[in-house]
Amino acid sequence: MRFVLYLLMMIAVALSVGFGLSYYALTDGRLFGAVQVGPWTAWPDVGSDAPNPYTRGLLAREATLQLGQAEGLRFSASVDGDEQPLTRECSYRVKGNTPLATAWTLVALDAQGRNIAAPDTQMAMRSSGLARLNDGSIEIGIGTSLMPGNWLELTGSGPFSLVLTLYDTAVFSGFSSDESMPTIIRGNCS
């Protein structure tokens, strides 16, 4: 009788660990195919001919059209540089350099993947339409309150994520952890 109870307990533990790791791999996955650069996360196998099983799970869960490896790569961030969640109650600055790419876009999305740019404004920041700093780097203000310079105006309240999509890039050929990515700096919060 004790052996049967022990066996049932071990099966329950194994199932809990298995389902827990599967959930983690499909929702966060930094240990299973995703690449983390500061607050930015990318899944480099998304556009490959034979993605790893965890990337396939991500693709099935998101059910969105993805870029092929030769077309580009999407980075997303839901936290700032200090690992604090992005929220529309605060303002932010995206500052620094981006990896070499023919073009890129930066959008803000809510938890359902909807663009949260304010109506009648730019829906995304584009590499071709920015005022750059003297050293060629970027600085973009993001928030619901007016900011000087490049500004992505948001609407509403609550958490959000930033998605930086690089088009025609070779960012992961010879990738290293010091790859140039912009930082996300929290400003004032209301």
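Residues numbered from 1 in each chain as written. Predicted model: local features only at pLDDT ≥ 70, side-chain atom pairs only at ≥ 80, totals over all residues. Heavy atoms only, no water.

## Digging into the pattern of salt bridges
- Following the criterion strictly, the structure yields four salt bridges and no others.
- For Arg 93, the salt bridge is made with Glu 139, and the minimal N-O distance between the two is 3.4 Å. Here Arg 93 is found in strand E4 (residues 90–96), whereas its partner Glu 139 is found in strand E7 (residues 138–143), with 46 residues between them in sequence.
- Here Arg 93 falls in the partly exposed class, since its relative accessible area comes to 22%.
- Since its relative accessible area comes to 22%, Glu 139 is described here as partly exposed.
- Connected via shared salt-bridge partners are Arg 93, Lys 95 and Glu 139. (Salt bridge = Lys/Arg side-chain N within 4 Å of Asp/Glu carboxyl O. Helix = DSSP H or I, 4+ residues; strand = E, 2+ residues; numbered from the N terminus. Buried < 20%, exposed > 50% of the residue type's maximum accessible area, 1.4 Å probe, protein only.)

## As for the sheet that holds E7
- Spatially, the four strands line up as an open sheet ordered E8-E7-E4-E10, and their pairing is mixed. Each edge of the open sheet carries a strand with a single partner, namely strand E8 (150–153) and strand E10 (183–189). With strand direction ignored, the average angle separating the axes of adjacent strands in the sheet is 25°.
- Summarising the sheet, E7 and E8 pair through four bridges and their orientation is parallel. The residue bridging Gly 141 from the neighbouring strand is Trp 151, located in E8. (Pairing = 2+ DSSP bridges. Axes fitted to C-alpha atoms, helices over the stretch in contact; angles between N-to-C directions.)

## Points about the state of the cysteines
- Inspection of every chain in the model, using the stated rule, returns one disulfide.
- In this model Cys 90 forms its disulfide with Cys 189; the gap between the sulfur atoms is 1.9 Å. The chirality of the disulfide connecting Cys 90 with Cys 189 is right-handed, given an S-S dihedral of about 105°. Of this pair, Cys 90 sits in strand E4 while Cys 189 is found in strand E10, placing the two residues 99 residues apart along the sequence.
- Under the relative-accessibility criterion, Cys 90 is labelled buried at 6%. (Disulfide = S-S within 2.5 Å.)

## Quick word on the environment of Gly 156
- Residue position: Gly 156 is located in the loop between E8 and strand E9 (161–169).
- Look at Gly 156 and you get partly exposed, because its relative accessible area is 48%.
- Setting aside its immediate chain neighbours within four residues, Gly 156 contacts Arg 88 and Thr 144. (Contact = heavy atoms within 4.5 Å.)

## Considering the pairing of strand E5 (residues 101–109)
- Looking at chain direction, E5 and E9 are connected through eight bridges and run antiparallel. Its bridge partner lying in E9, Leu 106 is registered against Leu 164.
- Relative to strand E6 (residues 125–126), E5 is paired through two bridges, and the arrangement is antiparallel. Opposite Thr 105, over in E6, you have Arg 126 as the bridge partner.

## Quick notes on the packing of aromatic side chains
- Counted under the stated rule, the structure contains one aromatic pair.
- Centre to centre, the rings of Tyr 92 and Phe 160 are 5.8 Å apart; their planes meet at 70°, and the pair counts as edge-to-face. With Tyr 92 in strand E4 and Phe 160 in the loop between E8 and E9, this pair connects stretches of sequence that are 68 residues apart. (Phe/Tyr/Trp six-rings, centres within 6.5 Å; stacked < 30°, edge-to-face > 60°.)

## Let's talk about a nonpolar patch on the surface
- A grouping of Met 1, Phe 3, Val 4, Leu 5, Leu 7, Leu 8, Ile 11 and Leu 15 is seen on the molecular surface, where their side chains present a nonpolar patch of about 870 Å² in accessible area.
- The residue Leu 15 is located in helix H1 (residues 2–27) in this model.
- For Leu 15, a relative accessible area of 47% corresponds to the partly exposed category. (Patch = residues over 30% accessible without salt bridge, like charges linked within 9 Å, V, L, I, M, F, W, Y side chains within 5 Å. Areas by Shrake-Rupley, 256 points an atom, 1.4 Å probe, with all protein chains shown as cover.)

## Things to note about the nonpolar core
- Residues Trp 40, Leu 106, Ile 140, Ile 142, Phe 160 and Leu 162 are the most contacted members of the largest nonpolar core, which totals 29 residues.
- Elements that contribute at least two residues to this core include exactly strand E1 (35–37), strand E2 (40–42), strand E3 (72–77), E4, E5, E7 and E9. (Core = buried A, V, L, I, M, F, W, Y, C linked by side-chain atoms within 4.5 Å.)

## Focus on unusual backbone geometry
- Notably, Glu 83 is not glycine yet its phi reads approximately 65°, a positive angle.
- With respect to the helices and strands, Glu 83 occurs in the loop between E3 and E4.
- For Glu 83, a relative accessible area of 48% translates into the label partly exposed.
- Residue Asp 120 is not a glycine yet carries a positive backbone phi of 65°.
- Take Asp 120: it is sitting in the loop between E5 and E6.
- Asp 120 gets classed as exposed once you look at its relative accessible area, which sits at 84%.

Nothing here speaks to function; it is geometry throughout.
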